[in-house]
Structure formats: C-alpha cells, structure tokens
Amino acid sequence: MISKPSHHIPYLYALAGRSDLTQQRVREVVGANFNATPFGLSGNEDCGQMSAWYIFGALGFYPVNPVSREYVFGLPFFDRLTLHLPIPAHSNPASDSKFYDAETHSYCLTVEAFGAPSTPYVEEIRVNGKIREEPFVRWEEISRGGSIRFEMEISHPPSAPDADIAHEEL
C-alpha cells in the first residue's frame, strides 16, 4: 500500500468475514510504510491523508465508506487511547453522560486493547460493554463518547465456516 487509493483494501477482509486477515494486513502495512526510517511515510502525504490512515489504524477502526457512518474494525496499535470529541457550540452536552468531560467540554471515546503492541489478533470486541458481532461500529454509537474494548490474542481466532475467501499472498 503506497498511496491513498488503496487505504480501504485491508479492511475489506473484515467485511468478507475474515477479520484475522484485516488484522494481519494492517499490521504489515504499518510495519512497512509507517516507521522511523527515511522511508517511513510512503506515498504522497497529500494534506495528511497518509497520516490520517495511520491514526485510524492506531485507533483500531477505519471508515471504509465514509458516507456510511460506519467504521470497520481492524486492530489498535496501543494499549489505551482516549479521544476527546468536541461538542458543537450550538448543542447542549448530555452532562449526565458518563462519557462527558466537563473540564474539556467534550465527550471521551476510550479505546482499550491491552497487549496490542505485541499481540497480533483480536479475539473479541465490546462497544460500550456489549459484545460486537458486526465487523464495524456506527458513528451514532460513539459520537457522544463511549468505550471500545479489544480483547487481544496471540493466534488468530477460527473463522466462521462460511468465511473462507480466496486471497492471494501479497
């Protein structure tokens, strides 16, 4: 993956029922194309597009089709990340929300994946405490903050019986 037109491709595996292949490919892309070397940012940065892909990848989800308001799960790169989502000036915050931070006047979205830097696969995902069966999260579920917890594992989980897809090693 050397340029932005192909950013979505690793995440298509998850939509086809093979999240393990998404996780594998995302980790490969990051290792090869985003590192602390003179060649550590491949392709044309184009106003931050390459860096935006990395940030979404680090969070563990990516907007394959941005207008769908769905973010397809991959795997996070860190044990814990917190995003402070700004509240628009014209709206009133739900100050009773457990995800509202009065100090920053924002909603907090926390992503947890203990062991993520060294553990290559995701066993289970919980969004706001509920096990996620779909390979994506909707904007509406996290737009006012929330919690996404990835349970990591060393070997990839078994695929669904109908999820055997043809793929070619890159």
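Everything that follows concerns the structure shown earlier in this document.
Residues numbered from 1 in each chain as written. Predicted model: local features only at pLDDT ≥ 70, side-chain atom pairs only at ≥ 80, totals over all residues. Heavy atoms only, no water.

J.: So what exactly am I meant to see when it comes to unusual backbone geometry here?
T.: The phi angle of most residues is negative, glycine excepted, and most peptide bonds adopt the trans form. One non-glycine residue, Arg69, lies in positive phi territory at about 65 degrees. Structurally, Arg69 is set in the loop between strand E1 (61-62) and strand E2 (70-73). Residue classification places Arg69 among the partly exposed residues on the basis of a relative accessible area of 41%. At Asn128, a position not held by glycine, the phi torsion is positive, near 50 degrees. Following the sequence through the fold, Asn128 ends up in the loop between strand E6 (121-127) and strand E7 (130-131). Judged by its relative accessible area of 33%, Asn128 falls in the partly exposed class. (Helix = DSSP H or I, 4+ residues; strand = E, 2+ residues; numbered from the N terminus. Buried < 20%, exposed > 50% of the residue type's maximum accessible area, 1.4 Å probe, protein only.)

J.: Whenever I open this one, the packing of aromatic side chains confuses me. Can you help?
T.: In this description, a pair of aromatic rings is defined by centroid distance and the angle of the planes. On inspection of all chains with the given rule, the structure shows 10 aromatic pairs. The interplanar angle of 15 degrees and the centroid separation of 5.4 Å between the aromatic rings of Phe34 and Trp53 together place this pair among those described as stacked. Of this pair, Phe34 sits in the loop between helix H2 (19-33) and helix H3 (49-59) while Trp53 sits in helix H3, placing them 19 residues apart in sequence. Both residues of the pair, Phe34 and Trp53, belong to the buried class. Through a chain of ring-to-ring contacts, three or more aromatic side chains come together here, namely Tyr11, Phe56, Phe61, Tyr62 and Tyr71. (Phe/Tyr/Trp six-rings, centres within 6.5 Å; stacked < 30°, edge-to-face > 60°.)

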